[in-house]
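Descriptive structure summary
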Amino acid sequence: MKLLIIGSGGREHALAWKLIQSPRVEKVFVAPGNAGTAHEHGLENIAITAIPALIDFAQSQKVAFTVVGPELPLADGIVDAFLDAGLKIFGPSRQAAQLEISKSFAKNFMQRHNIPTAAYSTFTNAQAAHEYIEQQGAPIVIKAAGLAAGKGVIVAPSLEKAHSAVDQILITKLFGEAGAEVIIEEFLQGTEVSFIVMCDGHHILPLATSQDHKRLFDGDTGPNTGGMGAYSPTPFISPGLHAQILREVIYPVVQGMTQEGVSYTGFLYAGLMITPNNQVKVLEFNCRMGDPETQPILMRLKSDLASLIEHALNGTLDQAETDWDRRVALGIVMAAGGYPENPQKGDSITGLSDLMTKQNTTNDFHIFHSGTALNSHDQQQFITAGGRVLCVTALGDNLKLAQQRAYELTKQIRYNNSYMRHDIGHNGIEFLHKP
């Protein structure tokens with residue numbers, strides 16, 4: 001069968017790479033894809049982004065099903081349009097995707113269904129927001145209510161920073177229309193983890209646990225980004241905590257959607273804070289796989305992903321099982337100079353082709369492309385084309401060994417002003433080695 005992936009990042013590269021491994025899948029189209037998917041065996045990029053044209057393509061190619069990677073197509077209603085055209089597609093409807101599209105919808109939904117989250121208030125008026133900040137004090141969290149490509153959250157350690165964040169979002173429109181409304185939340189302390197499941201409208205299938213590193217600089221400092229690296233599994237989620245997350249967060253979302261007349265089908269991502277006394281609080285919901293969490297999670301998945309998605313589309317996820325590599329996977333994001341505000345583009349990448357040749361003969365690493373393109377004059381030369389350029393992902397018998405392997409690989413890849421964190425996985429390593 002032929003499949004279609006919507007998107008162009010590292011998450012979509014990993015999804016396509018995993019799906020083509022299914023013996024029943026002959027080709028995976030990626031729309032529009034990147035230079036990595038262009039060079040991957042069995043994958044083919046298609047330069048189509050408009051939803052009507054994607055529907056025509058899926059129908060003409062007799063695509064068995066489509067998987068949506070990023071959030072914007074979900075917000076544009078791609079799932080509804082495909083279903084109306086009689087096509088199978090894995091992802092939530094636009095109504096269900098409000099959980100990610102609108103942070104105020106998500107907060108109100110959690111309040112309605114008793115899902116634990118930080119105390120909050122929403123504002124469209126800057127003066128009212130400033131007055132609320134003065135009442136609450138700092139540290140405090142300021143969020144753009146709409147979609148801001150993972151960058152719309154500002155953790156303000158001081159009142160000055162909090163007031164500045166409100167002005168940036170509501171007045172100077174740092175995040176455009178995504179900042180027409182702000183959410184001001186209490187600052188939660190603890191450990192942030194990612195919990196991703198598949199949903200078929202009734203049943204859920206948990207994927208491997210993971211931990212993302214959103215801050216730009218080592219030691220989890222600096223501004224939030226789309227994600228600078230991730231690893232799976234995370235030691236912070238014990239079996240008891242796993243059951244608690246399902247009970248207090250995941251099942252109430254799916255059941256709450258059903259109660260409100262919405263069937264949730266697709267990936268569901270809960271960004272969680274585990275407090276020091278093991279309370280679970282939801283920081284955010286995404287209606288898709290995380291990036292860069294997808295890369296290490298799928299490196300460990302031994303099951304046939306195409307079959308799992310078919311179960312989800314058929315409403316039979318309760319009959320599906322997952323098999324995981326016992327090893328740890330860790331992915332390091334190599335970003336462009338100037339990321340996240342003003343990333344450089346068009347720089348030649350050296351050392352990448354050699355590693356991509358080697359990864360086909362070993363099963364312990366894979367280089368997933370995000371912001372890459374091919375030089376128009378030399379189709380074998382990779383160049384930078386986005387803020388997050390690559391996710392170098394490696395397996396190891398433990399977290400420390402996976403970390404060492406991934407960082408060894410990054411040393412072989414060079415481009416002008418490349419940037420990465422040097423401590424991906426540090427929280428887990430410290431937790432595992434504490435006395």
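Refer to the structure above for everything that follows.
Read on for an overview of the structure. (Residues numbered from 1 in each chain as written. Predicted model: local features only at pLDDT ≥ 70, side-chain atom pairs only at ≥ 80, totals over all residues. Heavy atoms only, no water.)

1. Concerning the overall build of the protein
In terms of helices and strands, the protein carries 15 helices and 22 strands. In summary, the protein has a C-alpha radius of gyration of 21 Å against a globular reference of 22 Å for 435 residues, a match within 12%. With the C-alpha coordinates aligned to their principal axes, the bounding extent of the protein is approximately 60 × 45 × 45 Å. Burial analysis of the protein (435 residues in total) assigns 59% to the buried set. Long-range pairs, those at least 24 residues apart, make up 68% of the contacts in the protein between residues at least 6 apart in sequence. When the accessible surface of the protein is summed, it comes to about 17,400 Å², and 49% of that surface belongs to carbon and sulfur atoms. When the 33 positive and 43 negative side-chain charges of the protein are each reduced to one mean point, those points stand 4 Å apart. (Helix = DSSP H or I, 4+ residues; strand = E, 2+ residues; numbered from the N terminus. Rg over C-alpha atoms; globule rule 2.2 N^0.38 Å. Buried < 20%, exposed > 50% of the residue type's maximum accessible area, 1.4 Å probe, protein only. Contact = heavy atoms within 4.5 Å. Areas by Shrake-Rupley, 256 points an atom, 1.4 Å probe, with all protein chains shown as cover. Lys, Arg positive; Asp, Glu negative; His and termini not counted. Charge placed at Lys NZ, Arg CZ, Asp CG, Glu CD.)

2. As for the sheet that holds strand β15 (residues 229–232)
With antiparallel pairing, 5 strands are arranged side by side in an open sheet as β12-β15-β18-β22-β19. Each of the sheet's edge strands pairs with one partner strand only, and the pair in question is β12 (211–212) and β19 (365–369). Sheet topology note: the strand β18 (residues 328–335)/strand β22 (residues 388–396) ladder contains 8 bridges and is antiparallel. Note that in β22 the partner of Ala329 across the bridge is Leu395. With respect to the sheet, helix α14 (residues 399–410) is in contact with β15, β18, β19 and β22, its orientation differing from that of β22 by roughly 135 degrees. (Pairing = 2+ DSSP bridges. Axes fitted to C-alpha atoms, helices over the stretch in contact; angles between N-to-C directions.)

3. A look at the pattern of salt bridges
Summed over the entire model, instances satisfying the criterion amount to 15 salt bridges. Note that Arg421 and Asp423 form a salt bridge whose closest N and O atoms lie 2.9 Å from each other. Given a relative accessible area of 0%, Arg421 falls into the buried group. Connected via shared salt-bridge partners are Glu71, Glu100 and Arg288. (Salt bridge = Lys/Arg side-chain N within 4 Å of Asp/Glu carboxyl O.)

4. A short note on the packing of aromatic side chains
The description of two aromatic rings rests on the distance between their centres and on the angle between their planes. This structure, assessed with the given rule, holds 7 aromatic pairs. Summarising the aromatic geometry, the rings of Phe105 and Phe109 are spaced 6.1 Å apart at their centres and angled 20 degrees between planes, so their arrangement reads as stacked. Here Phe105 pairs with Phe109, and both are found in helix α7 (residues 103–112), just 4 residues apart, close to one helical turn. Since its relative accessible area comes to 24%, Phe105 is described here as partly exposed. Overall, the relative accessible area of 0% leaves Phe109 in the buried class. Between Phe217 and Tyr419, the ring centres sit 6.4 Å apart and the planes meet at 85 degrees, which makes this aromatic pair edge-to-face. (Phe/Tyr/Trp six-rings, centres within 6.5 Å; stacked < 30°, edge-to-face > 60°.)

5. Comments concerning the sheet that holds strand β3 (residues 43–45)
One open sheet accounts for 5 strands, arranged β3-β2-β1-β4-β5; its pairing is parallel. One side of each edge strand has no neighbouring strand; the edge strands of this open sheet are β3 and β5 (89–90). Judged from the 6 bridges that link them, strand β1 (residues 2–7) and strand β2 (residues 27–32) form a sheet pairing that is parallel. Each residue of the ladder has a partner; that of Ile6, found in β2, is Ala31. Sheet strands in contact with helix α1 (residues 10–19) are β1, β2, β3 and β4 (65–68), and its direction is about 170 degrees off that of β1.

6. Concerning the side chain of Thr393
Take Thr393: it is sitting in strand β22. Taking relative accessible area as the criterion, Thr393 reaches 0% and is therefore assigned buried. With near-sequence residues (within four places) excluded, Thr393 lies in contact with Gln295, Pro296, Met299, Leu330, Gly331, Asp364, Phe365, His366 and Phe368.

7. Points about the pairing of strand β7 (residues 140–144)
Counted residue by residue, β7 has 5 buried out of 5 residues, so it is predominantly covered. Both faces of β7 are covered, namely the face carrying Ile140, Ile142 and Ala144 and the face carrying Val141 and Lys143. By the bridge criterion, 4 bridges tie β7 to strand β8 (residues 153–156) in an arrangement that is antiparallel. Opposite Ile140, over in β8, you have Ala156 as the bridge partner. The pairing of β7 with strand β9 (residues 182–186) spans 5 bridges and is antiparallel. Residue Ile140 lies in a different strand from β9, and its bridge partner there is Glu186.

8. Brief notes about the state of the cysteines
Scanning the model with the defined rule gives 0 disulfides in all. Free of any disulfide, Cys287 has its nearest neighbouring cysteine sulfur in Cys199, separated by 9.3 Å. (Disulfide = S-S within 2.5 Å.)

9. Quick notes on the nonpolar core
Ranked by internal contacts, the top residues of the largest apolar core, which has 85 residues, are Leu99, Val249, Ile250, Phe285 and Ile413. In this structure Ile250 touches Phe195, Val197, Ile204, Ile245, Leu268 and Ala270, once residues within four positions along its chain are discounted. Grouped together as the second largest cluster of nonpolar side chains are 38 residues, Ala14, Leu19, Met289 and Leu308 included. (Core = buried A, V, L, I, M, F, W, Y, C linked by side-chain atoms within 4.5 Å.)

Keep in mind these numbers describe shape, not what the thing actually does.
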